[in-house]
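For reference, the chains in residue letters:
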Amino acid sequence: MQRTTDMPASVTATLTYLVKRDAKPYVHTEALTGDSEPHYFAEQEAREVTLYNGRPLADGLSLDTQGFELHRRETTVDDLYDDASVESAYYAEVEALIKELTGARRVVIFDHTRRSDAEQRDIRGPACRVHNDYTEHSGPERIRDVLGRDEAAALETVPVAQINLWRPIRGPVKRSPLALLDASTLDPGDLLATDLVYPDRLGEIYHLAYHPHQRWYYFPDMRRDEALLIKGYDSRRDGRARFTPHTAFQDPTTPPGAPPRESIEVRTLAFFG
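Residues numbered from 1 in each chain as written. Predicted model: local features only at pLDDT ≥ 70, side-chain atom pairs only at ≥ 80, totals over all residues. Heavy atoms only, no water.

(A) Structural view of the environment of Asp-111. With respect to the helices and strands, Asp-111 occurs in strand E6 (residues 106–116). Sequence separation between Asp-111 and Asn-164 is 53 residues; the distance between their C-alpha atoms is 9.9 Å. Asp-111 has contacts with Tyr-91, Glu-265, Val-266 and Arg-267, leaving out every residue within four places of it along the chain. (Helix = DSSP H or I, 4+ residues; strand = E, 2+ residues; numbered from the N terminus. Contact = heavy atoms within 4.5 Å.)

So, in C-alpha cells, the structure goes:
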C-alpha cells in the first residue's frame, strides 16, 4: 500500500470542529427533526489542517497507537447494498478479519451503516464534523445495550474495544474520503461530550476542539478490496489509544465529475479475554 507517484504526500483541507464552551453541546438528530441534516446547538469552527497520506505508513499503523489500521482484504459479497447478504456473509467476514488482525477472542457485530455523498440518495450522508462515535459514558452503555445488562456485568473485567470496519462499496474513493486523527496526538481535554437527541432516547458522542498539535491522516483512492479499522472506544486505561476522532472532508485534489463516495461501515465489539 505504498504511495504511488500520482498520490500527494499531503493535502491541506478544511475540517469542522466544535468550540469549547461552558454549556454542553447537543444535537437534534435527523430522526427527531425529519430533516436531511442534524441541527447543531453548539458553536462550530472551520480550520485548515494538513492531512498526510497514510499509505506509506500503513504497515506500521496500530489500533493501539494511532487508533486505525488499513488492510487489503477482498470481500466475497457481490452486493453490499443487500442486507441479507451483508448479514449472512459479510458479517462473518468482518468477524473473522477482526479476530485475525486484533487477536480478539470474541467479536460481536451490532449494526452496519451505508453512506453516500450523492446529491440524490436514500441512505445517510458522510459525517462532516470531527467526532468520535462513543464516549466514556456511551461506550459502556453500548455494551450493555448489545449484550444485555446481566451479560455485560459478567464481562465487566474483560477488556473490550469498539471497532468499526469501513469499506468502500465502490472505488476508488475520490469524494468525501475519511480524515483520521492520530490518536497519539489527541489531548483528552479536547474531546467534547455532545448529547444526541432522538425521539425516544438520548445518546452521546464526542466532538473535537481544534489543537495545533493534532496530526491527521487519510488514505487516498481507497478501493473496494481495502478495509479500514477504526477504534471508537477501548475499556483499557493503560496508555493505548481509546478514541479515534475522524470526519469526512472535501479533498481539494478531487477531479471534477468524480463519482459519489459510497461506503459501508460495520460496528463491532471485540473482547480480549
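(B) View of the pattern of salt bridges. In total, this model carries 30 salt bridges according to the counting rule given. With its nearest N and O atoms 3.1 Å apart, the salt bridge here joins Lys-20 to Asp-190. Placement of Lys-20 in the loop between strand E1 (10–18) and strand E2 (26–28) and of Asp-190 in the loop between strand E9 (178–181) and strand E10 (191–197) is noted, with a sequence separation of 170 residues between them. The salt bridge involving Arg-223 is made with Asp-225; its shortest N-O contact spans 3.4 Å. Taking the relative accessible area as the measure of exposure, Asp-225 reaches 16% and is therefore buried. The network of salt bridges with common partners includes Asp-64, Lys-231, Asp-234, Arg-236, Asp-238 and Arg-240. (Salt bridge = Lys/Arg side-chain N within 4 Å of Asp/Glu carboxyl O. Buried < 20%, exposed > 50% of the residue type's maximum accessible area, 1.4 Å probe, protein only.)

(C) Representation of empty space enclosed by the protein. Counted under the stated rule, the structure contains one cavity of 30 Å³ or more. Estimates place the volume of the largest cavity at around 50 Å³. (1 Å grid on protein atoms, 1.4 Å probe; cavity = no way out; pocket = protein on both sides within 12 Å on 5 of 7 lines; lining within 4 Å. Points joined across faces, edges and corners; volume = space filled by probe spheres on them.)

(D) Region of interest: the nonpolar core. Counting 28 residues, the largest nonpolar core has Leu-15, Leu-51, Leu-208, Trp-216 and Phe-249 as its most contacted members. Put simply, the parts of the chain that give this core at least two residues each are E1, strand E4 (44–53), E6, helix H3 (138–147), E9, strand E11 (202–208), strand E12 (216–218) and strand E15 (262–271). Broken down by element, the residue count for this core peaks at four residues, all from E1. Once residues lying within four places of it in the same chain are set aside, the contact partners of Leu-208 are Tyr-17, Leu-18, Val-130, Leu-181, Leu-186, Asp-190, Leu-191, Leu-192, Gln-214, Trp-216 and Pro-245. (Core = buried A, V, L, I, M, F, W, Y, C linked by side-chain atoms within 4.5 Å.)

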